[in-house]
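Residue-level listing of the chains:
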Amino acid sequence: MRENALLYITWALQFTILAIGVALIILGDTTWLAACIASFLITMLPTILKRSARVVLPVWMVLWIVVSLFLHTAGGALDLYDKVLYWDHITHAASASLIAALGFVVAITVDLYAKSIFFPRPFVSLFVLMFGMAMGVLWEIMEFAEDQILGTRLQYGPSPDDTLLDLFFDGVASFIVAVAVSVYLKRVPPEKFVKDLGFGEAKESVLGRIVLKRFEKIPRARQ
Amino acid sequence: MLMFENKTRREMLDASLSWGLGLVLLLCGYVVLVEWQAVWVILGFVVFFLYLLPIVRFKDPFRAPPWEIVLLITIPAVIHVLSGTKSFGQLGGAWADVAAIADSFGLATLGFLIVAELEMYTAFRTNRPFAAVFVVLFTMAVAGWAFVVEFIAALLYGQEPEFIFGTNDKIMGFFVYTFIIGILMGVIYAVYVGLMSVQHRMSYGFEKPDKSDQKVRP
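Attention in this report is confined to the structure presented alongside it. Model, not experiment: these values are computed from the prediction.

1. Topic: the overall build of chain A
So, step 1. If you tally the helices and strands in chain A, you get 10 helices and zero strands.
So, step 2. Along chain A, helices and strands appear, N-terminal first, in the series α-α-α-α-α-α-α-α-α-α.
So, step 3. For chain A, buried positions account for 48% of its 223 residues.
So, step 4. Taking as baseline every contact in chain A between residues at least 6 positions apart, the subset at least 24 positions apart corresponds to 71%.
So, step 5. Surface exposure of chain A reaches about 11,900 Å², of which carbon and sulfur atoms provide 70%.

Following this line, the structure appears as structure tokens:
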């Protein structure tokens, strides 16, 4: 029942993102249309993964993905980025925590399936902490490039405050996820988490076979 | 001394070079400490801590980081210290550009050092493509965290961030430099480990004997 509720919220938010997109087309406002379409397509990714690679992301993680993209598109289309104080930083924290969590999923999956790789548990937390921040910095570089090339004002001009606050919230979010990960890993063995993702079945799918082939080609750095 | 007796000439040379460069690093740290350049003091402290950590942890001076890596860390530190001196500070031109890049370079070497130490001294194992990616990621992350710490410090001391950091363009320029240098460092790391002989890699711990019992596979 609880899982179903999360699922319905996810669908509602997905539908809202789509509705915003349609509204933007009707109003002829194209500034945020591309972001809106891209966000909707990304929210479809978990479904596509499930169908074609048989990888099942946990429901809460799918909701997390949809919420952070919803905050982004709604913020852009409804001008909340400019109107609501700290909206920019809230979305940053939401997406940074999501990216950090995805980093966690990638790290323990690679650890479990790639033969030449072993990540001790403390490293997984360190990786989450560093991955969230690194992606935050790359995001700022992307914003900067957009400002320079397209003449937008994503970073609000010459004052460094916006960039620094963004990074600060990225840092806080990554830190929280890193702590959560280290607590989580003490209770649940990573094997179980990865098994729930369905990677065991995913190995048999076409996509899984391609990925695994790539890993097996790398010679084992031992002997 | 007993511990020097069963060392080969090559091991003695490697270790001495590492210790010598460690001293240079300490000297650079002393200079920035006396001049009180807070950011560089923290950076120097972290780097020197990472240098001493394996020696203290294994109670063996021969487990110091390889001299090639220490050299890589020493270069930006020396450039930074020299650019503060009278004779080098006046040079300007190309030298000023080199000194500016040295700042990004300094942070990038820290990412490099963290990944190298993880591989050498912990159970962490990875393959070379992933190691290179980790170097880039850690370099970006170290740069980001450095700015967050500086930002918090500025707020605590009640100073305007703009006064400390300059304009946004300046910060972003730094990040772009760091990104480029980070990628360069990742490539250097992969090439460095790749060029080492298997024997050397084993003795440094870049390659470990098989421990597949550590991993439970589904």
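2. Quick notes on a nonpolar patch on the surface
So, step 1. Together, Val172, Phe175, Ile176, Val179 and Val183 of chain A make up an exposed nonpolar region whose accessible area comes to about 410 Å².
So, step 2. Within the secondary structure, Val172 of chain A sits in helix H7 (residues 161-187).

3. Regarding the packing of helix H2 (residues 33-53) of chain A against helix H3 (residues 59-77) of chain A
Residue and element names in this part refer to chain A.
So, step 1. Packing of H2 against H3 leaves a shortest axis separation of 10 Å and a crossing angle of 175°. Compared by their axis directions, H2 and H3 come out roughly antiparallel. For the pair H2 and H3, the contacting residues are Ala35, Cys36, Ser39, Ile42, Thr43 and Pro46 in the first and Val62, Ile65, Val66, Leu69, His72 and Thr73 in the second.
So, step 2. The residue makeup of the contact of H2 with H3, split by class, is eight nonpolar, four polar and no charged.

4. Focus on unusual backbone geometry
So, step 1. At Tyr86 of chain A, a position not held by glycine, the phi torsion is positive, near 70°.
So, step 2. Following the sequence through the fold, Tyr86 of chain A ends up in the loop between helix H4 (80-83) and helix H5 (87-113).
So, step 3. Here Lys59 of chain B, not a glycine, exhibits a phi torsion of approximately 50°, which is positive.
So, step 4. With respect to the helices and strands, Lys59 of chain B occurs in the loop between helix H3 (38-58) and helix H4 (67-83).

5. Side note on the interface of chain A and chain B
So, step 1. Between chain A and chain B, the residue contacts involve 45 residues of the former and 41 residues of the latter.
So, step 2. Between chain A and chain B the total buried area reaches about 3,900 Å² when both faces are included, carbon and sulfur atoms providing 75% of it.
So, step 3. For the interface between chain A and chain B, the tally reads zero salt bridges.
So, step 4. At the junction of chain A and chain B, the tally comes to two residue pairs in polar contact (both at pLDDT 80 or more).
So, step 5. Of all the secondary-structure elements, those providing two or more residues to the side of chain A that touches chain B are H5, helix H6 (121-150) and H7 of chain A.
So, step 6. Take the side of chain A that touches chain B: its biggest share by element is 15 residues, from H6 of chain A.

What counts and what doesn't
Residues numbered from 1 in each chain as written. Chains lettered and ligands numbered in written order. Predicted model: local features only at pLDDT ≥ 70, side-chain atom pairs only at ≥ 80, totals over all residues. Heavy atoms only, no water. Helix = DSSP H or I, 4+ residues; strand = E, 2+ residues; numbered from the N terminus. Buried < 20%, exposed > 50% of the residue type's maximum accessible area, 1.4 Å probe, protein only. Contact = heavy atoms within 4.5 Å. Areas by Shrake-Rupley, 256 points an atom, 1.4 Å probe, with all protein chains shown as cover. Patch = residues over 30% accessible without salt bridge, like charges linked within 9 Å, V, L, I, M, F, W, Y side chains within 5 Å. Salt bridge = Lys/Arg side-chain N within 4 Å of Asp/Glu carboxyl O. Axes fitted to C-alpha atoms, helices over the stretch in contact; angles between N-to-C directions. Parallel < 35°, antiparallel > 145°, perpendicular 65-115°, else oblique. Nonpolar A, V, L, I, M, F, W, Y, C, P; charged D, E, K, R; others polar. Buried area = accessible area lost by both parts, 1.4 Å probe. Polar contact = N/O pair within 3.5 Å; in protein donor to acceptor, adjacent residues only side chain to side chain.

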